[in-house]
Each structure stands twice: as C-alpha cells, then as structure tokens.
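Observations on the model geometry
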Amino acid sequence: MSKLPARALLGLFSGSALCGVAHAERPEIGAFFDLQQIAESQLKGAGEDLVTYSEVSGNLTARIRNRRIVASGSYRLSYRIPEVGKISRSINHDGVMRLQANVIEEWLSTDVGAIITRSRIDPRGAAPQLNTGNPKNLTRTYSTFIQPTFAHHVGDLGFSASYRYAYTKNESGQTGIVIGPPLDRFDSSKSQEANLSLGMQQSALPFDWTLGAQYRRENTSNLSQHFRALKVTGEIKQPIADTVAVVASGGFERTETSEREALIDPLTGFPVLGKGGRFVVDPASARVLTYDMDGLIGDAGIIWKPSRRSRFEVRAGYRYGGLSVTGLAEMHPSERTGLTLILTDQVQTFGQGVSGGLAGAPADLNIGQSLDPASSYQNCLFGKTAGSGRCIGGALGNASAQAYRERAASIIISRALREWTMSGSFGYTRRTYIDDPIDPFSLDGVVDQSFFGDISLNGQLTRVSGVSFSFAGSLFKNGQVGASDVVSGSFSANYYRTFGRSIRARASLAVDASKQDGITADVSGRAQLGMQYQF
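Nothing here was measured: the structure is a model prediction, and the numbers come from that model. (Residues numbered from 1 in each chain as written. Predicted model: local features only at pLDDT ≥ 70, side-chain atom pairs only at ≥ 80, totals over all residues. Heavy atoms only, no water.)

What follows covers the overall build of the chain. Counting its regular elements, the chain contains 4 helices and 24 strands. Its C-alpha radius of gyration of 24 Å places the chain within 12% of the 24 Å reference for a compact globule of 535 residues. In terms of overall dimensions, the chain has C-alpha extents of about 75 × 65 × 40 Å along its principal axes. Looking at the chain residue by residue over its 535 residues, the buried ones come to 49%. (Helix = DSSP H or I, 4+ residues; strand = E, 2+ residues; numbered from the N terminus. Rg over C-alpha atoms; globule rule 2.2 N^0.38 Å. Buried < 20%, exposed > 50% of the residue type's maximum accessible area, 1.4 Å probe, protein only.)

This part covers a nonpolar patch on the surface. Together, Ile411, Leu417, Trp420, Phe426, Ile455, Leu457, Leu461, Phe469, Phe471, Phe491 and Tyr495 make up a nonpolar patch on the protein surface, roughly 960 Å² of accessible area in all. Those elements that place two or more of their residues in the nonpolar patch are strand 19 (420-434), strand 20 (447-462), strand 21 (465-477) and strand 22 (486-499). Residue placement: Ile455 occurs in strand 20. Judged by relative accessible area, Ile455 falls into the partly exposed class, the value being 36%. (Patch = residues over 30% accessible without salt bridge, like charges linked within 9 Å, V, L, I, M, F, W, Y side chains within 5 Å. Areas by Shrake-Rupley, 256 points an atom, 1.4 Å probe, with all protein chains shown as cover. Salt bridge = Lys/Arg side-chain N within 4 Å of Asp/Glu carboxyl O.)

Once that is clear, we can look at the pairing of strand 21. The side chains of a regular strand alternate between the sheet's two faces. Relative to strand 21, strand 20 runs antiparallel, the two sharing 13 bridges. Paired with Ser450 across the two strands is Phe476, which belongs to strand 21. Connecting strand 20 to the antiparallel partner strand 21 that follows it, the hairpin turn spans 2 residues. Bridge count for strand 21 against strand 22 is 12 bridges, and the pairing is antiparallel. Within the sheet, the bridge partner assigned to Ala472 lies in strand 22 and is Ser490. (Pairing = 2+ DSSP bridges.)

Turning our eyes to something else, we now look at the side chain of Ser74. Its place among the elements puts Ser74 in strand 3 (residues 69-84). Within the structure, the side chain of Ser74 is placed 3.4 Å from the backbone oxygen of Leu60, a separation counted as a polar contact. (Polar contact = N/O pair within 3.5 Å; in protein donor to acceptor, adjacent residues only side chain to side chain.)

Buried residues dominate helix 2 (residues 350-360), accounting for 10 of its 11 residues. Among the residues making up helix 2, those that are buried are Phe350, Gly351, Gln352, Gly353, Val354, Ser355, Gly356, Gly357, Leu358 and Ala359.

Following the sequence through the fold, Gly525 ends up in strand 24 (residues 522-534). Taking the C-alpha atoms as reference points, Gly525 and Tyr377, separated by 148 residues in sequence, lie 18 Å from one another. If we ignore the near neighbours within four places in the chain, the residues touching Gly525 are Ala39, Glu40, Ser41, Leu43, Ala510 and Val511. (Contact = heavy atoms within 4.5 Å.)

Here we take up the side chain of Gln378. In this structure, Gln378 sits in the loop between helix 3 (367-370) and strand 16 (380-382). The class of Gln378 is buried, set by a relative accessible area of 8%. Among the polar contacts made by the side chain of Gln378, one reaches the main-chain carbonyl oxygen of Gln369 at a distance of 3.0 Å. A polar atom in the side chain of Gln378 sits 3.1 Å from the backbone nitrogen of Asp372. When sequence neighbours within four positions are dropped, the list of residues in contact with Gln378 reads Thr117, Gln369, Ser370, Leu371, Asp372, Ile392, Gly393 and Leu396.

Bringing the confidence of the model for the chain into the picture now. Any segment with low pLDDT has predicted coordinates that should not be analysed in fine detail. Looking at the chain as a whole, its pLDDT mean stands at 89, while 94% of the residues score no less than 70. For the stretch residues 1-22, pLDDT sits under 50, and the model shows 32 contacts to residues farther than four places along the chain or on other chains. (pLDDT = per-residue confidence, 0-100.)

A separate point is the packing of aromatic side chains. Think of a pair of aromatic rings as described by two things: how far the centres are apart, and how the planes are tilted against each other in angle. Applying the stated criterion to the full structure yields 7 aromatic pairs. For the ring pair Tyr404 and Tyr433, a centre distance of 6.0 Å and an interplane angle of 70° mean the geometry is edge-to-face. Of this pair, Tyr404 sits in strand 18 (residues 403-416) while Tyr433 is found in strand 19, placing the two residues 29 residues apart along the sequence. This pair shows no difference in class: Tyr404 is buried, exactly as Tyr433 is. Between Tyr428 and Phe451 the ring centres are 4.9 Å apart and the planes differ by 45°, which places this aromatic pair in the tilted class. Note that Tyr428 is positioned in strand 19 and Phe451 in strand 20, a separation of 23 residues in sequence. The exposure class of Tyr428 is partly exposed, given its relative accessible area of 24%. (Phe/Tyr/Trp six-rings, centres within 6.5 Å; stacked < 30°, edge-to-face > 60°.)

This is the structure:
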C-alpha cells in the first residue's frame, strides 16, 4: 500500500497536465524537503517521560486549472529516526487529491479522488489531536474513488447518469487502554453508487420537476457485511417569490444490511480475534438480515436565495420510519469570507462516509488547510473558495465496522483580513448502530454522539516572518453500557521565517490532552524545530 498512493497521485497529475487546453491558468507545482527535530514529553499519564527523534520528509503539491481540468493535491512521505526514549523507526504517508475532468463537452465528466490520513480505531480509546511519535488508538486510512457522469440537455429536458466506485482500507494499529466489551475494527470495503435523474428547470412550465433514482451497494470485509439501498423519488419546486421557492418530494426507498456471525471462543465466551484485532467469521454461520426498511418516503421544504452569493435550504419529512431533517446554508459575501453548513440524515457506513465526503469535496482544494500531517486525522477538506469544503471528521473519529443511521451537522468557516486569516470547522454526529440484535456483543440500537471542532489563526508579522495558532478538540459520548466517554483537546503555536526564496525555518510548541472515564488523563507536550527547502 505504501508505494501505490504516491504513484497514483503522480500519475493523475501528470495525466491532467497533458490534457490541458488553451485559456488555462499556469499550473502551480511545488516540491519541498523538510528536516525536523522533535522532542515530546509525557506531562501526565502513562508513557515515556521524554522521547526525541528526527523526521526527514519530502512533499509534492500541485494545482492545475484550465477549461477541461481542475485538479489539486499534495503527497507527503516522512521517515522518523529515533534518538532518545522508546520510539520505533517508521515511515508515514499523508496525502489528498481531487480531480475533475470535462472529458466530452456537455456530455461526459469524470471525478477522481484519493486520501491518505488516519482514523481512531476504538471510540472508547484515547483521542489524541496530534500525530505523535508513538500514536495511540490511530491507524492509517486509505480511500479512493472514481466517478464518471453523463449529463446533457435536449431543449428544456435535462438528464444525467453517474456511477461511483470507491475503495476504503484501514491498516492495523494499537488501541491502548479501553474500557468496555470487545468491538470489531473496520478493515476494508468496496462501495458503488449509481444515480439517474430526468427533469426540467426554468422551462415553459410554472414549476421545476425532477425524477430520480439512486442505488447504493457496499461489501465490507468485516463479517462479510453487505449494504444495499434503493431509492426512487419525484420532486417539484415551485417559486413563490423572486428569491424564495417551496419544494416537495416523495417516493419509495428500501435499505437492507446483512452479515454473518462472529466465531465465539467456547472457553472465554468472547469473539475470536484475527489479524489486527478484527472479529473472525464463523464458517458455519448463515447470513443474518440486520436491517430491512422499505416504504414510502417524502419531505417538503423551502429554498431561499437572497443573492447570488448566498443560499439557504431546509427540508423535513418522513424517512426511516420517522422524522428526518436535512439542510444546507452557503454564504460567500466576499472572496475573503465564506461559510458552509450541512445537515444530513442517512443510513451510513465508515467506508461510504470517508469516500462520500471525499467525493463531495471541491476539486480545487486549499491544500494548506486540507492536509495537516501534524494532526491525528483530517477533520475537513477545505476548498479554495473561502468557506467551502466537506467535513469527514465524523467518520474518521470512529472507524466502526457496523452500519449505522447517522444524523450529522458540520460547519466550515473562513475569513481573511489584510494580515490575518481565520478558518475553522465544527461538527456533530449522532450514530444509531445497526447490528444483529441476538448477538451477545451486538451494538444494535446503541446511540453514540461525537462533537469535534478546530480553529486556526494565521498572521504575517513581516514580509519574511509569521505566526499561527491552532486549537482542536473533540468529545465522544459513548452509548454502550460500561464504556467510557472521551474528551480531548490540543493547542499549538508556530513561528516561521524565510531566508531568500527557498529556505524557511520553523519552530512550534504544542500541548495535547486526552481523558477517558475511569483512566488518568493523558497529557503530553511537543517542541519542534525544522528547516524546509523549496525546489
């Protein structure tokens, strides 16, 4: 897995450069070499009192934008060299890439994406905000997707068809101390999503209409889990004022999940654990239907567009046997200020959550904000347009192997002044797990809640120097009986100074804290000095 992401990113960017046409912006490509000296101290809790290590890394970034191609991405490869204390040599990867290609004008486009980040293995374990030398309860996560889309208009009638294939994989990792019954750990999944739509907008009719169908399918390696969902809907949108419209939709939906049973050790009564601490499938077990919901669905709402820079939409209706609320708010009052708020409600899985978030992120990413190798995992993917992007921290904060109904909210905000830039993201996720109700370690009906947020402030002191401050925090409310809640937070301060065109010196101080119920708080500090050379 280690060589594949780098080759894929390089291949995609080189291919997109060859596809460029006239009227293109000049490609932005950068290569960096970093050498850093890092000291980490355990201020409270179990662990080494002091560890020091050096980190050597290389980083490649690219941004390409023309009439047919919009692409952005970054890949970082680092090698840690231990010096003092118990820390192992390790190679680390971090990367993100999004590409959108207009293959055939007004007919065919293709989206591609890939991400290499980390995720929390066990929701009851530690929740570090920093990617330390000895990471606790973190594992590397890979996800990639490709999505071709056919779309065309014949007069006022428009139609589109899209197909997305995605693959998500987690490596093994150490959870540290956890309190509660055993949990399965996500391994890998292959998901597919197909969408069809037919409709008319701003036509001779007094209203807009759309007929749509969606099919989602996923196979997860854990307990041979299957996910299937089919939805067919019709929608009508009726303007009632220059800036306001009402919308209503209705249709049919069926969602089904199934899995096989875990192999139980007759001596202990606990599931047998295989590679990476994952449950082993009982070869004698039959497939068990864990969720089967079908019936009519419907919602209604209002859309308000007070200006071309703002849009607000909220809907409420009947889905999954009860009330369902979704919404969207986009505000871009200027090129320097923006905000995006998204409310969602759907049956989801870890693999679909990560790959779907990546697919929903803009192709023109703000790489500086969308790739932070110093953090435990990436909360949000920020777009180049202020306040745009998509959050994936709700999925990465809990790499669950089970399906769940997820009701979530996320906010991305950005504000740039003359010398200072502020950006932040905040999110809330409520998961109701879907599992075999008769399994002795079933999560069926368990409700978890997680809150996360981060905010950063960057300022330029002089023409060649600047500072930045950042804060990140999370709270996980565990719904399992006897399982612990977890709260964590971190703060960091950074200073940089450039010398000439190619050399930049950096220094930073950071504090990271995590607290599990019934366990002593884990508090650590980090000091870092580094030098970067830009080719």
